[in-house]
Amino acid sequence: LWQQILGQPVDSESDFFVLGGHSLLAVQMVMQLRQLTEREIGLHQLFAHPRLAEFAKVVAESALIPAPLPQIQPQPE
């Protein structure tokens, strides 16, 4: 995903921001990663852990996104 968003090869020591990442790409990356992994990943986590190896650990340790509650169905009176 990093390679796709940054448009260049990355390795485990790559730094998101050194490779040209910025806040808008960071938002895009975190949103896509949430969808792919179904984990709660905050944008602040990427800023705190911009190296791929560190960020991967954070993602692996993050909680799963809870399943949405079912919609409330109207009942007849």
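Residues numbered from 1 in each chain as written. Predicted model: local features only at pLDDT ≥ 70, side-chain atom pairs only at ≥ 80, totals over all residues. Heavy atoms only, no water.

**Quick word on the overall build of the protein chain**
Basically, it comes down to this: Labels follow the DSSP assignment, with helices taken as runs of H or I lasting at least four residues and strands as runs of E lasting at least two, numbered in each case from the N terminus. Here the globule rule reads 2.2 Å times residues to the power 0.38, and the radius of gyration is calculated from C-alpha atoms. Any residue under 20% of the maximum accessible area for its type is buried, any over 50% is exposed, and the rest in between are partly exposed; the area is computed with a 1.4 Å probe on protein chains only. In this tally, Lys and Arg are treated as positive and Asp and Glu as negative; His is ignored, and so are the chain termini. Charged groups are reduced to one reference atom each: NZ for lysine, CZ for arginine, CG for aspartic acid, CD for glutamic acid.
On a plain count of helices and strands, the protein chain comes out with 4 helices and 0 strands. Here the C-alpha radius of gyration of the protein chain, 16 Å, is well above what a compact globule of 77 residues would show, namely 11 Å. If one aligns the C-alpha atoms of the protein chain with their principal axes, the spans along those axes are about 60 × 25 × 20 Å. A total of 77 residues make up the protein chain; the buried ones form 27% of that total. Across the protein chain, the mean location of the 4 positive side-chain charges is 5 Å away from that of the 8 negative side-chain charges.

**Topic: the side chain of Ser62**
Inclusion rule: Contact criterion: two residues are considered in contact whenever any of their non-hydrogen atoms come within 4.5 Å of each other.
Structurally, Ser62 is set in the segment after helix H4 (52–61). Contacts of Ser62, omitting those with residues within four sequence positions, involve Arg39, Glu40 and Ile41.

**Points about helix H2 (residues 23–37)**
Selection rule: Working rule for helices: expected span equals 1.5 Å times residues minus one.
With 15 residues, H2 should reach 21 Å at 1.5 Å per residue; the first-to-last C-alpha distance of 21 Å fits that figure. On its buried side, H2 packs onto helix H1 (2–6), helix H3 (43–48) and H4. After H2 finishes, the residue Glu38 shows a positive phi value of roughly 55°.

**Let's talk about the nonpolar core**
Selection criterion: Here, nonpolar core refers to any group of buried Ala, Val, Leu, Ile, Met, Phe, Trp, Tyr and Cys residues whose side-chain atoms link them within 4.5 Å.
Of all hydrophobic cores here, the largest spans 13 residues; its most connected members are Trp2, Phe16, Met29, Leu33, Ile41, Leu46 and Phe55. Setting aside its immediate chain neighbours within four residues, Phe55 contacts Trp2, Met29, Leu33, Ile41, Gln45, Leu46 and His49.

**With respect to the side chain of Gln45**
In this structure, Gln45 sits in helix H3. Those residues in contact with Gln45 that lie beyond four places of it in its chain are Glu40, Phe55 and Val58.

**What to know about H4**
Put simply, the rule reads: For this quantity, the arc is that covered by the directions from the helix axis to the C-beta atoms.
Those residues of H4 lying buried are Phe55, Val58 and Val59. The buried residues of H4 occupy an angular sector of 100° when projected down its axis, which confines them to one face. Residues of H4 that are exposed and point more than 90 degrees away from the buried face comprise Lys57, Ala60 and Glu61. Those residues of H4 that are buried are in contact with H1, H2 and H3.

**Examining the confidence of the model for the protein chain**
To keep things clear, this is the line we draw: By definition, pLDDT measures how confident the predictor is in each residue, and it falls between 0 and 100.
Confidence along the protein chain averages 93 in pLDDT terms, with 100% of residues attaining 70 or more. H2 is the least confidently modelled element of the protein chain, averaging 94 in pLDDT, while H3 averages 96, the highest of any element.

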